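The residues making up each chain are set out below.
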Amino acid sequence: MKLLVCCVLLIANISDNSKASLESYTPTSTNILFEDITRNADKSCNRPCKFNVKPRRCHYNFTVEPIVGDNDKIAISVNGITPGPPINVCVNDVIVVEVKNKIPDQDLTIHWHGVNQMGTPHMDGVPMVTQCPIAYGTSYKYAFIASSPGTFFYHADSVSHQSDGVYGSLIVNQPQPQEAHAALYDYDRSDEGTLLIAAQFPTLLSAYLEDVAHIQPDALTVNGDDENFKVFVLQGYAYRLRLINAIAIECPVIIQIEQHEMVVIATDGKPVKPLPARTVKLYPGERMDVVVRASQESGGYWIKVNAGGACAGVSANAMLLYSGFNYTSMLQQGVNEVDHENGLDSDSAVYGQMLESLQEVSQDAPPEPVYLGINRKKWNIKEKDIDFRYISDAIPKKVYYPASFGLKSSGVVQINGKSFLYPNTPMLLYPQDVKGDFICKVGEESENPEPQCVMVLEPKENVLELVLVNEGFESNESYTFHMHGYTMQVVSSGRHPQGKPMSKEEFEKLNQGGAVFRNLKHAPLKDTIVVPKKGYAVVRIKPDHGGSWLLECRSCGLSSLPAAIIINVPQKMPKSVVRSLAKCGNYRPPDVLLN
Ligand SMILES: *[C@@H]1O[C@H](CO)[C@@H](O)[C@H](O)[C@H]1NC(C)=O
Ligand SMILES: *[C@@H]1O[C@H](CO)[C@@H](O)[C@H](O)[C@H]1NC(C)=O
Ligand SMILES: *[C@@H]1O[C@H](CO)[C@@H](O)[C@H](O)[C@H]1NC(C)=O
């Protein structure tokens, strides 16, 4: 516990911009690069990582504001571009990002997806849970240690802002000999080999005043482009590529490279036993590292990206280009719509949860599992009974018409029969001010009569087993969940053998009958998982660092009520830290604004 407090203070110092000792590591000779604000990736931090060198402090200024793109479409940009500037650092560097919100009349926070924020839970970027939202015209300084290597990304916490363009890559490198699979590839160029996949919508979702649930994306992009991203390779050599599904709604993407096999070496930033794949599949928020060897005839090959789920029908292409190849002809010929050789058969695709962790994961005595029953429910609730105090995804300051919620027609996804309510004040910073009657304890939801509550789980043991069951009584959807702050051991996932809906009792029957196989030894370590339709995922977490951590379904419905729980691990925030952070004073609930 003492250690924890020390680190919080350390980072607090940095945020205060006092001359913390780490400041002295900032290279002076390369400061000039910092002035390049069009793409202000801190180039001094994007370097080959070496042993025994002091970590650096990598500073970025992010101004988040609307821009009009080439095609006259409005997007929300970071420093005038979307995706935002890439962040490439070495493990143990301190990442400092000063985020300025210039989106008129809207709040903002940025989440660092996959970063465990050990010692810095107030940098996780969840409004009303870990911080006050960044109000229009103000800024917030994020500062945290890149404590674990791997492929991550950042995005606005709000699904609408993320969909409108607020996202970018975050790659944490390490000295090459420490890379588990360094022997499998020759080049790992994280700045050229990162494919950030996103969906584009015909309209700015965060500015749309009605139900956005029916708005379909009209394009898919790779690093902001739908046809033109190029990966250059030399014949005979193997390359590590980093794939990121940065879509915020329920859209798995399927990726294939013409005539090239991939070897999957990591999921969500964590190494796995290498697995060859012709096709890979990533759910929203998932990342996958693959190795591709340029072993074919010199030429140009399409990297095909197709989306499913809520983005079905849109696709993007990038190019794998052998050195010296003139790709003009490739552009003229275009892409074969159907690859007859392989097809885009998603059933044979390799996906994160089927991978095995490289190292054996430590086994602890099986704890009493916590059941989370996920179900979409048609809801005949009256608008006046919905609490609009804070609905993260709905941007709080947008004039939000309750009637736009499709609660009655398409229903709402709930956990254990409740919709998640954001606390009235950031739970991490002011736990004593969170109103008790807003809270319900996971497992004891029925004690709170309200349909919406701040769902809180306080782990009692040093291992937490969560059973997420996608009950599927009124829908056939899959749901993707993201765990903040922790890596989950995904010990099991699957579907009901007969494809039937499942209640808690039904799941327990399957479990006792031995139908729920558990991979305890090599469970993949992930922060983003899919709970398949009429299926389940069993995960374990070691709640070893303090904070208020959201386990959320980001993709459970735009313009709906959130489905999430807070895993609250005791963390006394030092007064000096809390005092240094902005108060939520300016925050006004939207129903007040409406009047
Ligand atoms: C960020 O902005 C501050 C002041 O607004 C400036 O002093 C600093 O040099 C900027 N840093 C970078 C990396 O651009
Ligand atoms: C590439 O090919 C096109 C036509 O196929 C030609 O017009 C162009 O000059 C070529 N470019 C180079 C650099 O050779
Ligand atoms: C789910 O799928 C089953 C079988 O295909 C179908 O009978 C049922 O109507 C579907 N339910 C919904 C809500 O779409």
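Cut-offs used in this document
Residues numbered from 1 in each chain as written. Chains lettered and ligands numbered in written order. Predicted model: local features only at pLDDT ≥ 70, side-chain atom pairs only at ≥ 80, totals over all residues. Heavy atoms only, no water. UniProt positions renumbered as here; feature names shortened; annotations may be inferred. Helix = DSSP H or I, 4+ residues; strand = E, 2+ residues; numbered from the N terminus. Buried < 20%, exposed > 50% of the residue type's maximum accessible area, 1.4 Å probe, protein only. Patch = residues over 30% accessible without salt bridge, like charges linked within 9 Å, V, L, I, M, F, W, Y side chains within 5 Å. Areas by Shrake-Rupley, 256 points an atom, 1.4 Å probe, with all protein chains shown as cover. Salt bridge = Lys/Arg side-chain N within 4 Å of Asp/Glu carboxyl O. Lys, Arg positive; Asp, Glu negative; His and termini not counted. Charge placed at Lys NZ, Arg CZ, Asp CG, Glu CD. Pairing = 2+ DSSP bridges. Axes fitted to C-alpha atoms, helices over the stretch in contact; angles between N-to-C directions. Contact = heavy atoms within 4.5 Å. pLDDT = per-residue confidence, 0-100. Disulfide = S-S within 2.5 Å. Core = buried A, V, L, I, M, F, W, Y, C linked by side-chain atoms within 4.5 Å.

Entered under Sequence similarities (unreviewed entry) in the UniProt record, the comment concerning the protein runs "Belongs to the multicopper oxidase family."

Q: Would you mind going over the overall build of the protein with me for this structure?
A: On a plain count of helices and strands, the protein comes out with six helices and 33 strands. When the 595 residues of the protein are sorted by exposure, 59% land in the buried category.

Q: Help me understand a negative patch on the surface in this model?
A: A surface patch of like charges, here negative, comprises Glu368, Glu461, Glu505 and Glu508. Turning to its location among the elements, glutamate 508 is positioned in helix H4 (residues 504–512). Take glutamate 508: its relative accessible area is 35%, and that puts it in the partly exposed class.

Q: Got a minute to help me understand the sheet that holds strand E6 (residues 139–145) in this structure?
A: In space, the four strands of this open sheet follow the order E2-E1-E4-E6, with mixed pairing throughout. The open sheet is flanked by strand E2 (74–78) and E6, the only strands paired with a single partner. Averaged over all neighbouring strand pairs, the angle between strand axes comes to 20°, with direction disregarded. Where strand E1 (residues 57–68) meets strand E4 (residues 94–101), eight bridges bridge the pair, whose relative direction is parallel. Looking at E4, one finds that valine 64 is bridged to asparagine 101.

Q: Help me out: how do you make sense of the environment of histidine 214 in this one?
A: Within the secondary structure, histidine 214 sits in the loop between strand E9 (194–200) and strand E10 (219–222). On the basis of relative accessibility, which here comes to 54%, the residue histidine 214 falls in the exposed class. Sequence separation between histidine 214 and leucine 558 is 344 residues, and the spatial gap between their C-alpha atoms is 9.1 Å.

Q: Just to check I follow, could you spell out the side chain of aspartate 268 for this structure?
A: As for its position among the elements, aspartate 268 is in the loop between strand E14 (262–267) and strand E15 (270–277). Apart from the residues lying within four places of it in its own chain, the contact partners of aspartate 268 are Thr151, Glu286, Arg287, Leu525, Lys526, Asp527 and Thr528.

Q: Where do I start with the confidence of the model for the protein in this structure?
A: Detailed conclusions should not be drawn from predicted coordinates in areas where pLDDT is low. On average, residues of the protein score 85 in pLDDT, and 84% of them reach the 70 mark or higher. Predicted confidence for residues 587–595 stays below pLDDT 50, and this span has 18 contacts to residues more than four positions away or in other chains.

Q: How do you make sense of the pairing of strand E7 (residues 150–156) when you look at a structure like this?
A: The two faces of a sheet get side chains in turn, since along a regular strand they alternate between them. Counted residue by residue, E7 has seven buried out of seven residues, so it is predominantly covered. With four bridges connecting them, strand E5 (residues 110–113) and E7 associate as antiparallel partners. Across the sheet, histidine 111 pairs through a bridge with histidine 155, a residue of E7. As defined by bridge partners, E7 adjoins strand E8 (residues 167–173) across six bridges and the pair is classed as antiparallel. Within the sheet, the bridge partner assigned to phenylalanine 152 lies in E8 and is leucine 170.

Q: What's the story with the pairing of strand E18 (residues 300–307) in this structure? I'm lost.
A: Across the eight residues of E18, seven count as buried, placing the element largely inside the fold. Direction of pairing for strand E13 (residues 253–257) relative to E18: antiparallel, over a ladder of five bridges. When the sheet's bridge partners are listed, glutamine 256 is paired in E18 with lysine 304. Judged from the seven bridges that link them, E18 and strand E19 (residues 315–322) form a sheet pairing that is antiparallel. Along E19, the bridge assignment pairs tyrosine 301 with leucine 320.

Q: Where do I start with the pattern of salt bridges in this structure?
A: Where charged atoms from two side chains of opposite charge approach closely, those side chains can pair. Inspection of the entire model under this criterion finds 17 salt bridges. A salt bridge links arginine 376 to glutamate 477; the shortest N-O distance between them is 2.9 Å. In this pair, arginine 376 is assigned in strand E21 (residues 370–377) and glutamate 477 in the loop between strand E26 (464–470) and strand E27 (479–483), connecting sequence segments 101 residues apart. Note on glutamate 477: relative accessible area 28%, which makes it partly exposed. Each of Glu179, Asp188, Arg240, Arg242 and Asp289 takes part in salt bridges that share partners, so that together they form one network.

Q: Which parts of the structure should I look at to understand the state of the cysteines?
A: Enumeration according to the criterion identifies six disulfides in this entry. At a sulfur-sulfur separation of 2.0 Å, the disulfide partner of cysteine 49 is cysteine 90. Between cysteine 49 and cysteine 90 the sulfur-sulfur dihedral comes to about -95°; the bridge is accordingly left-handed. In this pair, cysteine 49 is assigned in the loop between helix H1 (2–15) and E1 and cysteine 90 in strand E3 (residues 87–90), connecting sequence segments 41 residues apart. Disulfide pairing places cysteine 440 opposite cysteine 453 at an S-S distance of 1.9 Å. On the criterion of sequence distance, the pair formed by cysteine 440 in strand E24 (residues 439–441) and cysteine 453 in strand E25 (residues 452–457) is long-range, its members being 13 residues apart. The exposure class assigned to cysteine 440 is buried, which follows from its relative accessible area of 3%. Residue classification places cysteine 453 among the buried residues on the basis of a relative accessible area of 0%. What links to what in the protein: the bonded cysteines, counted in sequence order, pair as 1-3, 2-4, 5-12, 6-7, 8-9, 10-11.

Q: Would you take a moment to explain a positive patch on the surface for this structure?
A: Residues Lys572, Lys575, Arg579 and Lys583 make up a contiguous surface patch of positive charge. Exposure remark for lysine 575: the relative accessible area of 64% places this residue in the exposed category.

Q: What is the right way to look at unusual backbone geometry in this model?
A: One can expect most non-glycine residues to show negative phi and most peptide bonds to be in trans. Omega for the bond connecting threonine 82 with proline 83 falls within 30 degrees of zero, at -5°, which places this linkage in the cis form. By the secondary structure assignment, proline 83 is in the loop between E2 and E3. For asparagine 52, which is not a glycine, the phi torsion comes out positive at approximately 55°. Structurally, the position occupied by asparagine 52 is in the loop between H1 and E1. Despite not being glycine, asparagine 416 shows a phi value in the positive range, around 50°. Relative to the helices and strands, asparagine 416 is located in the loop between strand E22 (412–415) and strand E23 (419–420).

Q: Teacher, can you tell me more about the nonpolar core here?
A: As a rule of thumb, soluble globular proteins bury nonpolar side chains together. In terms of nonpolar packing, the biggest core is built from 48 residues, with Leu372, Leu466, Leu468, Phe481, Ile565 and Ile567 touching the most fellow members. Sequence-distant contacts of leucine 468, that is, excluding residues within four places in its chain, are made with Leu372, Ile374, Phe481, Ile529, Val531, Gly535, Tyr536, Ala537, Val539 and Leu551. With 46 residues, the next largest nonpolar core counts Ala294, Tyr301, Val305 and Tyr322 among its residues.

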